[in-house]
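Chain residues, written in single-letter form:
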Amino acid sequence: MFQTFEPVSDRTFASRHLPLLREKLEARDLDGLIVPHEDEYLNEYLPDHTERLMWLTGFSGSAGSAIVLTKKAAAFSDGRYAIQLPQQVDADHFELLMTHDVTPEEWLRENAEPGSTIGYDPLLFSLSALEGFEKVAKKKGFTLKAVSPNPIDEAWHGRPDAPTAEVYAHPLKFAGEDHAAKLKRIGEDVREAGADAALLTSPSSIAWLFNVRGGDVHAAPLPLGRGIIHADGTGELFLDPRKVTAELRAHLGEHVMLFDETAVDERLTALGKEGKSVLIDRGLTPVHFISVVTEAGGHVVKGEDPVSLPRAIKNETEIEGSRRAHIRDGAAVTRFLHWLHDEADSGDISEINTAEKLENFRRETGVLKDISFDTITGSGPHGAMAHYRVSTETDRKLQPGELYLVDSGGQYEDGTTDITRVVAVGAPTREMRERYTLVLKGHIGLALARFPKGTSGHALDCLARLPLWKAGFDYDHGTGHGVGSFLSVHEGPQKISKHAIAQPLVPGMICSNEPGYYKAENYGIRIENLIVVTEATPIDGGERPMIAFENLTLAPLERELINPDMLTEEEIRWVDDYHAEVKAKISSQLPKEDAEWLAERCQPLR
């Protein structure tokens, strides 16, 4: 199994580890420490040895932070973890806060003493992430101090070793573009940005640019390292030597120089002493590297990771690979849904059973490389936790009269998948059918969108929420995130969210479409498909070319939860067309009994 189910933390972490950290802070004359979730690569999903926030607080979610002062402390997360945060973190030691109520900067402004010294690890903060704290420090009159080594690392006894997975070539038949061509293309972008070189710190960008993959991060084929790309199209790759093979050296060729990862500061210093300009991403580059360049006499060009947008705009090889991956993955998910419909109301199936069964169906494809994230498998009240992670301590059995939510994905060399479906265990209530259909209406509204060039996901987000808003409901997560090509299941710069974003949606980008509804302590509903941005079919009489979405995900919806009387004719037609597409594309991939079951599930609604 790629996924394990033993608890990764417990509520005693706070009482056991907070005193250890405070001892280290006192020894270094620090009055506090800001602890983000991110690691030195600003990853969302972390290797075990960088789970500092979890070690300190017990919180295992993918978004959060903490602030520790001499006599008080606070832990923060967002609406996705409103239920999980108090379950995992001891409120006797940390004040528990949602960032939509109180931000870490606001809390620090109210609680830090003037004249105090608050530490932060400069490898864990980008310029954008640090700016808010700097403003608060100036206004309140306390000092922000960059500290190294991280006090948590000093306090953490038995800290795991850093991963050293082998880095390997990602074949051209999946990448669609040779890395030498990518280097030349991105190098030109670096020159146009007014820089001599760009520092790459995002593992996804490094993997994409050099056409390499690794295994340092759970559920994502990412190598941890650094990269520099010069305006002349040459590159430098910084990796732990234990990850490097002769095959990798041969793949990289003459365009790329390999260095030990510990040499990155030395190379940046050399560029600085030559008076070079180095492009950094305000939101992705740790501020430590900005200091290295400027202190050596170099110039920093504050912009965006030059790889981020080209990586997000998939080429035709990557898009076609994603289509193949989704046919394969859709067949595995459909087999799982058939099994679940036969077994769910027996009372013998647990959340862990379902996660194991689904992974096994994916493994039977013969080409699964990993899951793309730990499966969210939530029955009844657990489904109301948007990012619930089952463990042996929380596992519960599916019961008749409940809803079961499963959000999962696979990593294949030709594509990354992410899908959410909801299953009614036994007969659903009228309320369940109503709420599911409202979510479905929002999903369809976004799927059918036509929009002009230059439109961002922020402008489209309300299409998925409008049916829920009209009924007095909403959900506390984004509607869509970018998805990589055999990379991270979450990538930017695109997203579909109620929060403002400047980046337009561009043909070739892959996003999720996942509106939801969550009734605390009862059930959760989310319908998620991946979609690729495409040029739209010209509209008769229209004056401007439009952009649209092509659906990628292929698995049946839950008929028992759809109320056709709540759907318009256009929405019913969408459901029927979608099911016809699912049946046409994956039936041949299924055993006979699964194909027959799918045919029944894909009948027209009326």
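Small disclaimer: the values here were computed from a predicted structure and weren't measured.

You can read the domains of the chain as domain 1 (12-155), domain 2 (168-311) and domain 3 (313-593). Summarising the inter-unit geometry, the C-alpha centres of domain 1 and domain 3 are found 33 Å apart. Taken together, the 9 residues of domain 1 in the interface contact 9 residues of domain 3. A per-residue breakdown of the area domain 1 buries against domain 3 is headed by Tyr45, Arg80 and Ile83, which together make up 58% of the total. At the boundary of domain 1 with domain 3, the tally comes to 0 salt bridges. Here domain 1 is connected to domain 3 by 2 residue pairs in polar contact (both at pLDDT 80 or more).

The next thing to look at is the pairing of strand 27 (residues 529-535). Most of strand 27 is tucked away: 6 of the 7 residues are buried. As defined by bridge partners, strand 24 (residues 510-513) adjoins strand 27 across 4 bridges and the pair is classed as antiparallel. Paired with Asn513 across the strands is Asn529, a residue of strand 27. Note: strand 27 against strand 28 (residues 546-551), 5 bridges, orientation antiparallel. Counterpart to Glu535 in the pairing with strand 28 is Ile547.

Before going further, it helps to examine the UniProt feature "domain: Creatinase N-terminal" (unreviewed entry) in the chain. In this numbering, the UniProt entry assigns the feature "domain: Creatinase N-terminal" (unreviewed entry) to residues 21-144. Secondary structure across residues 21-144 comprises 32% helix and 20% strand; the distance between its end C-alpha atoms is 18 Å.

It is worth spelling out the UniProt feature "domain: Peptidase M24" (unreviewed entry) in the chain at this point. UniProt marks residues 322-535 with the feature "domain: Peptidase M24" (unreviewed entry), using the numbering shown here. The distance separating the terminal C-alpha atoms of residues 322-535 is 17 Å; by composition the span is 31% helix and 26% strand.

Turning next to the sheet that holds strand 16 (residues 376-379). What links the strands of a sheet is backbone hydrogen bonding, and the strands pair in either a parallel or an antiparallel sense. Sheet architecture is open: 3 strands sit in the order 16-17-20, paired in antiparallel fashion. Looking along the sheet, the strands with just one partner apiece sit at the ends: strand 16 and strand 20 (419-425). The sheet shows a mean angle of 10 degrees between the axes of neighbouring strands, direction not considered. In the sheet, strand 17 (residues 402-408) pairs with strand 20 via 7 bridges, with the strands oriented antiparallel. Bridging across to strand 20, Leu403 finds its partner in Ala424. Against the sheet, helix 14 (residues 316-343) touches strand 17 and strand 20, its axis set at about 15 degrees to strand 20.

Time to look at the pattern of salt bridges. This structure, assessed with the given rule, holds 43 salt bridges. One salt bridge in this structure joins Lys314 and Glu491, with 2.8 Å as the shortest N-O distance. Here Glu491 lies in strand 23 (residues 491-496) and Lys314 lies in the loop between helix 13 (308-312) and helix 14, a separation of 177 residues in the sequence. The exposure class of Lys314 is buried, given its relative accessible area of 5%. Classification of Glu491 by relative accessible area gives buried; the value is 6%. One network of salt bridges, in which partners are shared, links Glu40, Arg52, Asp153 and Arg159.

Moving on to the sheet that holds strand 13 (residues 277-281). On the basis of which strands lie adjacent, the open sheet formed by 6 strands has the order 12-11-10-8-13-14 and mixed pairing. Each edge of the open sheet carries a strand with a single partner, namely strand 12 (256-260) and strand 14 (299-303). Taken pair by pair, the neighbouring strands of this sheet meet at an average axis angle of 25 degrees, ignoring direction. The pairing of strand 8 (residues 197-200) with strand 13 spans 2 bridges and is parallel. Along strand 13, the bridge assignment pairs Ala198 with Leu279. Taken strand by strand, helix 12 (residues 287-295) contacts strand 8, strand 10 (226-230), strand 13 and strand 14, and its axis lies near 145 degrees from that of strand 14.

Cut-offs and rules
Residues numbered from 1 in each chain as written. Predicted model: local features only at pLDDT ≥ 70, side-chain atom pairs only at ≥ 80, totals over all residues. Heavy atoms only, no water. Domains from an automatic or database assignment. Contact = heavy atoms within 4.5 Å. Buried area = accessible area lost by both parts, 1.4 Å probe. Salt bridge = Lys/Arg side-chain N within 4 Å of Asp/Glu carboxyl O. Polar contact = N/O pair within 3.5 Å; in protein donor to acceptor, adjacent residues only side chain to side chain. Buried < 20%, exposed > 50% of the residue type's maximum accessible area, 1.4 Å probe, protein only. Helix = DSSP H or I, 4+ residues; strand = E, 2+ residues; numbered from the N terminus. Pairing = 2+ DSSP bridges. UniProt positions renumbered as here; feature names shortened; annotations may be inferred. Axes fitted to C-alpha atoms, helices over the stretch in contact; angles between N-to-C directions.

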